Amino acid sequence: MLENQKIRPAQVIGPLGEPLTLDSLPPASTTRWVVRRKAEVVAAVAGGLLSVDEACARYSLSLEEFTSWQRAVDRSGMPGLRVTRIKHYRDQYERQQRY
């Protein structure tokens, strides 16, 4: 029975260096996604606090939306999550890949 259960950390380090727990994550009813909240969810999944499926179900996200957050963090860090700068960071990344 125990081998079927995944061992999860009690907390992970968040994007601002603070400890994140399941209780400190954004509420499931979140509708306004600021950069910090997106980054916290991405950090929770990366650290094993939540699975991708759990995060998508908890926050009513599509897999594509969540993976776009992950990609933005990987490419540009937290500033890449800003909705107003998506095109700028995407173009910058594509230019870097050409050279």
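Residues numbered from 1 in each chain as written. Predicted model: local features only at pLDDT ≥ 70, side-chain atom pairs only at ≥ 80, totals over all residues. Heavy atoms only, no water.

Where an unreviewed UniProt entry is consulted, the chain appears under the name DUF1153 domain-containing protein, with the organism given as Sphingomonas telluris.

K.L.:
Looking at this structure, I do not really get the side chain of glutamate 40. What am I missing?
P.N.:
Its place among the elements puts glutamate 40 in helix α1 (residues 35-46). A relative accessible area of 6% places glutamate 40 in the buried class. Those residues in contact with glutamate 40 that sit more than four places away from it in its chain are Pro15, Glu18, Leu20, Ser24, Leu25 and Pro26. (Helix = DSSP H or I, 4+ residues; strand = E, 2+ residues; numbered from the N terminus. Buried < 20%, exposed > 50% of the residue type's maximum accessible area, 1.4 Å probe, protein only. Contact = heavy atoms within 4.5 Å.)

K.L.:
I keep staring at the side chain of lysine 38 and nothing clicks. Help me out?
P.N.:
Residue position: lysine 38 is located in helix α1. An unpaired buried charge is present at lysine 38: no salt bridge exists, and glutamate 65, the closest side chain of opposite charge, is 6.5 Å distant. If near-sequence neighbours (up to four positions away) are discounted, lysine 38 is found in contact with Trp33, Trp69, Leu81 and Val83. (Lys, Arg positive; Asp, Glu negative; His and termini not counted. Salt bridge = Lys/Arg side-chain N within 4 Å of Asp/Glu carboxyl O.)

K.L.:
Explain the nonpolar core to me, please; I cannot follow it from the model alone.
P.N.:
Proteins that are soluble and globular tend to have nonpolar side chains buried together. Membership of the largest hydrophobic core comes to 20 residues, with the highest contact counts inside it found for Leu25, Val41, Leu50, Tyr59, Leu61, Phe66 and Trp69. Sorting the residues of this core by element identifies α1, α2 (52-59) and α3 (63-76) as the ones contributing at least two each. (Core = buried A, V, L, I, M, F, W, Y, C linked by side-chain atoms within 4.5 Å.)

K.L.:
Help me understand the packing of α1 against α3 in this model?
P.N.:
Describing two packed helices takes the angle between their axes plus the distance from one axis to the other. Interhelical geometry of α1 versus α3 gives an angle of 90° and a closest axis separation of 10 Å. Taken together, the axis directions place α1 and α3 in an arrangement best described as roughly perpendicular. Contacts between α1 and α3 involve Lys38, Val41, Val42 and Val45 on the former and, on the latter, Phe66, Trp69, Gln70 and Val73. Split by residue class, the contact of α1 with α3 holds 6 nonpolar, 1 polar and 1 charged. (Axes fitted to C-alpha atoms, helices over the stretch in contact; angles between N-to-C directions. Parallel < 35°, antiparallel > 145°, perpendicular 65-115°, else oblique. Nonpolar A, V, L, I, M, F, W, Y, C, P; charged D, E, K, R; others polar.)

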